[in-house]
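What the coordinates show
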Amino acid sequence: MDLEEWRYNFQSEADGLLHGDTWNLEFDYSIQPERSQRGWKEYITRTSARFWCSLCPRGWPSNRVMVLFHMRLKGRTGTVKVRGFGQSCQNCSDAQMEDPSIDPENITILMKNLVTKIRIKCYKEGLDVFEYHQINLEVNSSHDPDNCEGCREGICTN
Ligand SMILES: [Zn+2]
Ligand SMILES: [Zn+2]
């Protein structure tokens with residue numbers, strides 16, 4: 001995941017919608033689902049991504065990639081922490097969790113949904129709870145829970 005790309009997308013989707021406050025986005029792989037700190041709001045969603053093994057040439061697409069956001073507004077400054085859940089290679093016994101590589105159009109969809117969640121959860125705007133759906137990739141193999149970090153943490157959904 002490329003931080004600058006996420007920040008750019010977030011700022012353009014948030015433009016004019018977050019009450020003139022300053023919001024920053026950062027990656028944080030230590031955040032845990034359903035264990036947000038006091039004052040932080042949570043949003044868990046799903047997207048599509050590609051993965052590449054760092055030990056062999058194998059790559060694979062997945063439509064079950066969980067993304068966790070923790071958001072907090074403090075005074076006039078907001079912070080969003082993002083964690084993308086990894087997957088590991090089925091072919092390599094020592095495979096590590098690889099970072100998801102998410103297409104730009106799906107990052108845009110994530111950011112549109114995130115901005116709506118911030119407006120509802122941090123600004124108490126009475127918006128309809130509507131989510132744009134991810135653009136699916138063509139996936140020919142079934143989901144592999146043993147190699148999915150979201151499954152291991154019990155948050156991976158269909
Ligand atoms: Zn591999
Ligand atoms: Zn899973």
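The preceding data block contains the structure.
Just so it is clear, the structure is predicted and the values come from calculations on it, not from any experiment.

Let us now look at the overall build of the protein. A count of helices and strands for the protein gives three helices and four strands. Radius of gyration (C-alpha) of the protein: 16 Å, near the 15 Å computed for a compact globule of 158 residues. Its C-alpha atoms give the protein principal-axis dimensions of about 50 × 30 × 25 Å. Taking contacts inside the protein between residues at least 6 apart in sequence as the whole, the part at least 24 apart equals 69%.

Relative to the helices and strands, Glu34 is located in the loop between strand E1 (22-27) and strand E2 (41-52). On the neighbour-count criterion, Glu34 (10 C-beta atoms within 10 Å) is exposed. Placed 121 residues apart in sequence, Glu34 and Ile155 show a C-alpha to C-alpha distance of 9.5 Å.

With their axes 9 Å apart at the nearest point, helix H1 (residues 3-14) and helix H2 (residues 104-121) run at an angle of 50 degrees to one another. As summarised for this structure, H1 and H2 are arranged oblique, according to the angle between their axes. Pair H1 / H2 crosses with right-handed handedness. Packed against H1, whose contacting residues are Glu5, Trp6, Asn9, Phe10, Glu13 and Ala14, the element H2 presents Ile107, Thr108, Met111, Lys112 and Val115 at the interface. Of the residues that constitute the contact of H1 with H2, the class distribution is six nonpolar, two polar and three charged.

In the sheet, E2 pairs with strand E3 (residues 59-74) via 11 bridges, with the strands oriented antiparallel. Looking across to E3, one finds that Glu42 is bridged to His70. From the end of E2 to the start of E3, which pair antiparallel, there are six residues. In the sheet, E3 pairs with strand E4 (residues 77-84) via eight bridges, with the strands oriented antiparallel. Along E4, the bridge assignment pairs Phe69 with Val82. In this structure, the hairpin formed by E3 and E4 is closed by a connection of two residues, where Gly75 is found at a positive phi of approximately 60 degrees.

Turning our eyes to something else, we now look at the nonpolar core. Core analysis: the biggest nonpolar cluster contains 26 residues, and Val67, Phe69, Met71, Val80, Val82, Leu110 and Leu114 have the highest contact counts within it. Where this core is concerned, the elements lending two or more residues are H1, E1, E2, E3, E4 and H2. Examining the composition of this core, we find that seven residues originate from one element, E3, more than from any other. Here Met71 is in contact with Trp40, Lys41, Tyr43, Gly78, Val80, Ile118, Lys121 and Cys122, once residues within four sequence places are set aside.

This next bit is on the environment of Asn106. In this structure, Asn106 sits in helix H2. Residue Asn106 is classed as buried on the basis of its 20 C-beta neighbours within 10 Å. Setting aside residues no more than four positions away along its own chain, Asn106 makes contact with Thr47, Ser48, Gln134 and Ile135.

Conventions used here
- Residues numbered from 1 in each chain as written.
- Chains lettered and ligands numbered in written order.
- Predicted model: local features only at pLDDT ≥ 70, side-chain atom pairs only at ≥ 80, totals over all residues.
- Helix = DSSP H or I, 4+ residues; strand = E, 2+ residues; numbered from the N terminus.
- Rg over C-alpha atoms; globule rule 2.2 N^0.38 Å.
- Contact = placed C-beta atoms within 7 Å.
- Buried ≥ 20, exposed ≤ 12 C-beta atoms within 10 Å, placed from the backbone.
- Axes fitted to C-alpha atoms, helices over the stretch in contact; angles between N-to-C directions.
- Parallel < 35°, antiparallel > 145°, perpendicular 65-115°, else oblique.
- Left-handed = near helix turned anticlockwise from the far one by under 90°.
- Nonpolar A, V, L, I, M, F, W, Y, C, P; charged D, E, K, R; others polar.
- Pairing = 2+ DSSP bridges.
- Core = buried A, V, L, I, M, F, W, Y, C linked by C-beta atoms within 7 Å.

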